[in-house]
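What follows is each chain in one-letter form.
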Amino acid sequence: MADTNTTQDLLQQGLTAARVGDVEDARRLLTRATQEHPNSVAAWLGLAGVVDSLEYKQRCFTKALELEPDNAQAQAGLRLVEEKLAAKQQPPQIVHTSSAEEPVISTGLDFCHYHPDVETGLRCNKCGKPICPKCAVRTPVGFRCPECIRDLEEKFYTGGNMDYLIAAVIAFPLSLIGAGLFTTILSGFGFFTLIIGFFVAPFVAGLIAEAVRWGVGKRRSRYLRHVVVAALLIATAPFLLLGLGSGLFGLILPGMFAFLGAGTISARLR
Ligand SMILES: [Zn+2]
Ligand SMILES: [Zn+2]
């Protein structure tokens, strides 16, 4: 009888601890209750309520059902835990067998890896991590998380920091020569200046872009075009200042060269 009392005490204390939110104490007391009295259905049900892992909950409910097969609470609990377990196990299988274009939707809802408070059924089809629609990036091969996208980009960009230096060294003198010739030669064409310039500026910038591409051995770098555009703008700046000396009209040619040239380089070195 003393034993039963002890179990009752452990059980009561454990359930009380659980009720006031002291999960650690509850887990300890109820574990002891199940160890000392493995035949107590209430102890197993109490323990199921305070352990974290679904597998552990499943064992507790199963144990309770072995002792009392038609215990409704244990039946409902086991059903719920098994549903959750199934949902948890399914996504990895879907990820592996998913066709390349389909977004990976798991049956169970998870929380976005980047927004822990946003529930989502979407997963990255590379690493399987749950992502919300805001984080998911659509690619030709399916939805990807931002981290896998970055990996992809890193593989895409094959150039190193040296390439930026090479690009600047090539682009700056060429831009200087280009801007110089463009502004001096075209200023003699009077009315046709703008029309001719409209074709010549992108052409010259295109040559600069190709020279850079050849210089870096066709390697791709994330900021290559930014470096080349910067070189072009810096090289054109003196001509803008020179042009300003002869009034606002003098800004037109160097301005045109800078504007159309920057656009062309951005497009060519993408
Ligand atoms: Zn991923
Ligand atoms: Zn998110």
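Residues numbered from 1 in each chain as written. Chains lettered and ligands numbered in written order. Predicted model: local features only at pLDDT ≥ 70, side-chain atom pairs only at ≥ 80, totals over all residues.

**As for the overall build of the protein**
A tally of regular secondary structure across the protein gives 10 helices and 4 strands. Going from the N terminus to the C terminus, the protein shows its helices and strands as α-α-α-α-α-β-β-β-β-α-α-α-α-α. A globule of 270 residues ought to have a C-alpha radius of gyration of about 18 Å, yet the protein, at 35 Å, is considerably larger. Here the C-alpha coordinates of the protein stretch approximately 115 × 40 × 35 Å along the principal axes. Across the 270 residues in the protein, those meeting the buried criterion constitute 31%. Put simply, of all contacts in the protein between residues at least 6 apart along the chain, 51% involve residues at least 24 apart. (Helix = DSSP H or I, 4+ residues; strand = E, 2+ residues; numbered from the N terminus. Rg over C-alpha atoms; globule rule 2.2 N^0.38 Å. Buried ≥ 20, exposed ≤ 12 C-beta atoms within 10 Å, placed from the backbone. Contact = placed C-beta atoms within 7 Å.)

**Notes on the nonpolar core**
A167, A171, I208, V212, V228, L232 and I265 are the most contacted members of the largest nonpolar core, which totals 28 residues. For this core, the secondary-structure elements that each account for two or more residues are α7 (161-186), α8 (193-215), α9 (224-245) and α10 (252-268). With 8 residues, α9 is the single largest residue contributor to this core. In terms of nonpolar packing, the next biggest core, distinct from the first, is built from 20 residues, V50, F61, A64 and V81 among them. (Core = buried A, V, L, I, M, F, W, Y, C linked by C-beta atoms within 7 Å.)

**Observations regarding the domain arrangement of the protein**
You'll often see interface size given as the accessible area lost when the parts meet. Under the domain assignment used here, the protein contains domain 1 (2-85), domain 2 (98-156) and domain 3 (161-268). A straight line from the C-alpha centre of domain 1 to that of domain 3 covers 76 Å. (Domains from an automatic or database assignment.)

**Here's the deal with unusual backbone geometry**
Positive phi values are uncommon outside glycine, yet K218 reaches one of about 65°. Structurally, K218 can be placed in the loop between α8 and α9.

**Digging into the confidence of the model for the protein**
A residue-level look at the protein finds 90% of positions with pLDDT of 70 or above and a mean pLDDT of 84. Low confidence marks residues 92-102, where pLDDT is under 50. Its contacts with residues over four positions away, or in another chain, come to 13 contacts. (pLDDT = per-residue confidence, 0-100.)

**Describing the environment of S53**
Inspection of the secondary structure puts S53 in the loop between α3 (41-50) and α4 (54-67). Using a count of 9 C-beta atoms within 10 Å as the deciding quantity, one classes S53 as exposed. For the pair formed by S53 and F143, sequence separation is 90 residues and the distance between their alpha carbons is 29 Å.

**Observations regarding α9**
Here α9 is 22 residues long and its end C-alpha atoms lie 33 Å apart, about the 32 Å a rise of 1.5 Å per residue gives. By the burial criterion, the buried members of α9 are L224, V227, V228, V229, A231, L232, A235, T236, F239 and G243. Where α9 is buried, its residues contact α7, α8 and α10. Two residues or fewer after α9 comes G247, characterised by a positive phi angle close to 90°. (Expected span 1.5 Å × (residues − 1).)

**Some words on the environment of I252**
With respect to the element layout, I252 can be found in helix α10. Residue I252 is classed as partly exposed on the basis of its C-beta count, with 16 C-beta atoms lying within 10 Å. Spatially, the C-alpha atoms of I252 and A18 are 78 Å apart, while their sequence positions differ by 234 residues.

**Considerations on helix α2 (residues 23-36)**
The end-to-end C-alpha distance of α2 is 20 Å, a good match for the 20 Å that 14 residues give at a rise of 1.5 Å each. Taken as a whole, α2 has its buried residues at A26, R27, L29, L30, A33 and T34.

**Notes on the packing of α2 against α3**
Their axes nearest at 9 Å, the elements α2 and α3 cross at an angle of 150°. For the element pair α2 / α3, the angle class is roughly antiparallel. At the point where α2 passes α3, the crossing takes the left-handed sense. Together, V23, A26, R27, L30, T31, A33 and T34 of α2 and A43, W44, G46, L47 and V50 of α3 make up the contact between the two elements. (Axes fitted to C-alpha atoms, helices over the stretch in contact; angles between N-to-C directions. Parallel < 35°, antiparallel > 145°, perpendicular 65-115°, else oblique. Left-handed = near helix turned anticlockwise from the far one by under 90°.)

**Points about the environment of E55**
Here E55 shows up in helix α4. With 26 residues separating them along the chain, E55 and V81 place their C-alpha atoms 8.1 Å apart.

**Things to note about the packing of α3 against α4**
Running from amino to carboxyl end, α3 crosses α4 at an angle of 160°, the nearest separation of the two axes being 8 Å. What the angle tells us is that α3 and α4 run roughly antiparallel. In the packing of α3 onto α4, the handedness of the crossing is left-handed. Contacts from V41, W44, L45, L47 and A48 of α3 reach α4 at K57, C60, F61, K63, A64 and L67. Here the residues of the contact of α3 with α4 sort into 9 nonpolar, no polar and 2 charged. (Nonpolar A, V, L, I, M, F, W, Y, C, P; charged D, E, K, R; others polar.)

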